[in-house]
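# Structural overview
The chain contents come next:
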Amino acid sequence: MTLVFSIIFLLLSLIHLPLAGHAAPHDAANIQGDGEYKFETQEKPDTGLDPTVQTSKIGVQNLFTKQPQGAYLNQFILRGTYAFGLYGKNDCSISVAMPAVDHFDSGNAAGASGATGLGDTNLEFVKIFALGKLAHAPVLDVWFRPSNPNLGDTASTGTVLGAGYAASYPFTPNIQTLFFAQYQWTVERAPGTASVSNLKLRPFLICYWPYNFFTLTEFRVSPDFRNHNTELIPSAVLGRFFGPKQETNLTLTLDVPIDRFTRIHNEQFKLKLTWNYFFK
């Protein structure tokens, strides 16, 4: 299977297969008359998954997390992003994501009880820079954990910060690599709950296909220094753009941990269905 995908990617690199309704990306920066670089948005659709490409958008997501012993967490999340420019077009953004409904079913987990309410609220700030085709961006995230740890992503409550850095490079008009690293730590927590101290390393490969389809593959490595374990989570995304200006998309994401410790003690899989509308 790996050989088949390698052959497909090689062919795409050679023939630069055009995406229907999708113009080839220009360099992320152009040299101006004064010799300085000025950022310009790459002319490619925004998947909503790449921090180095920002468009004002609204979206909804249903996130289902299957946990051991029959427990699960289902979250319905609202997200909005405002993109604006300081030195170019859409080189900054502010986002907020808030779960409208969270429901935790304890299954057969001992000592746990079901709960419904708000989960993690997230604020995100992005500033994009570029040099030639290379785009890179510092990313700052703030999470406000719920009072019930079962309704959040981790068994902690309080405020968590995440300082990250993303970089992307398009090898061809239809094949793009992305790398994102972020360190997360607790700045405020409730008594009796765990602190967060982990590093997330996330290499991506984004491919644009005919008929407005796109795929994304990711292998996420997340060592948790405080709790002395490491998550290893491969992720696959299938998406499609809709509309004459590709102003909407739908994505289906599957995360399946492969590390034995992670699978037993944290989650068995995550399934996400996301809809985005981009203001163009």
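Right, let's walk through the structure included here. (Residues numbered from 1 in each chain as written. Predicted model: local features only at pLDDT ≥ 70, side-chain atom pairs only at ≥ 80, totals over all residues. Heavy atoms only, no water.)

## A few points about the pattern of salt bridges
- What the rule picks out here adds up to eight salt bridges.
- Arginine 202 serves as the salt-bridge partner of glutamate 218, at 2.6 Å between the closest nitrogen and oxygen. Of this pair, glutamate 218 sits in strand S13 (residues 213–224) while arginine 202 is found in strand S12 (residues 197–208), placing the two residues 16 residues apart along the sequence.
- Given the relative accessible area of 6%, glutamate 218 is considered buried.
- Of the charged contacts in the structure, one is a salt bridge between aspartate 255 and arginine 220, with a shortest N-O distance of 3.2 Å. Of the two residues, aspartate 255 sits in strand S15 (residues 248–255) while arginine 220 sits in strand S13, which places them 35 residues apart along the sequence.
- Owing to a relative accessible area of 2%, aspartate 255 belongs among the buried residues under this scheme. (Salt bridge = Lys/Arg side-chain N within 4 Å of Asp/Glu carboxyl O. Helix = DSSP H or I, 4+ residues; strand = E, 2+ residues; numbered from the N terminus. Buried < 20%, exposed > 50% of the residue type's maximum accessible area, 1.4 Å probe, protein only.)

## Concerning the environment of phenylalanine 129
- Mapped onto the elements, phenylalanine 129 comes out in strand S8 (residues 129–131).
- Residue classification places phenylalanine 129 among the partly exposed residues on the basis of a relative accessible area of 39%.
- Between the C-alpha atoms of phenylalanine 129 and threonine 52, which are 77 residues apart in sequence, the distance is 8.2 Å.

## Brief notes about the nonpolar core
- Formed by 14 residues in total, the largest nonpolar core has its most connected members in Val126, Phe180, Phe204, Tyr208 and Leu216.
- At the level of secondary structure, the elements contributing two or more residues to this core comprise strand S9 (134–145), strand S11 (175–189), S12, S13 and strand S14 (229–242).
- With three residues, the top contributor of residues to this core is S12.
- In this structure, valine 126 is in contact with Pro51, Gln54, Asp91, Cys92, Ser93, Ala137, Pro138 and Val139, ignoring residues within four places of it in sequence.
- Core analysis: the second largest hydrophobic core is formed by five residues, Ala71, Phe104, Ala115 and Leu151 among them. (Core = buried A, V, L, I, M, F, W, Y, C linked by side-chain atoms within 4.5 Å. Contact = heavy atoms within 4.5 Å.)

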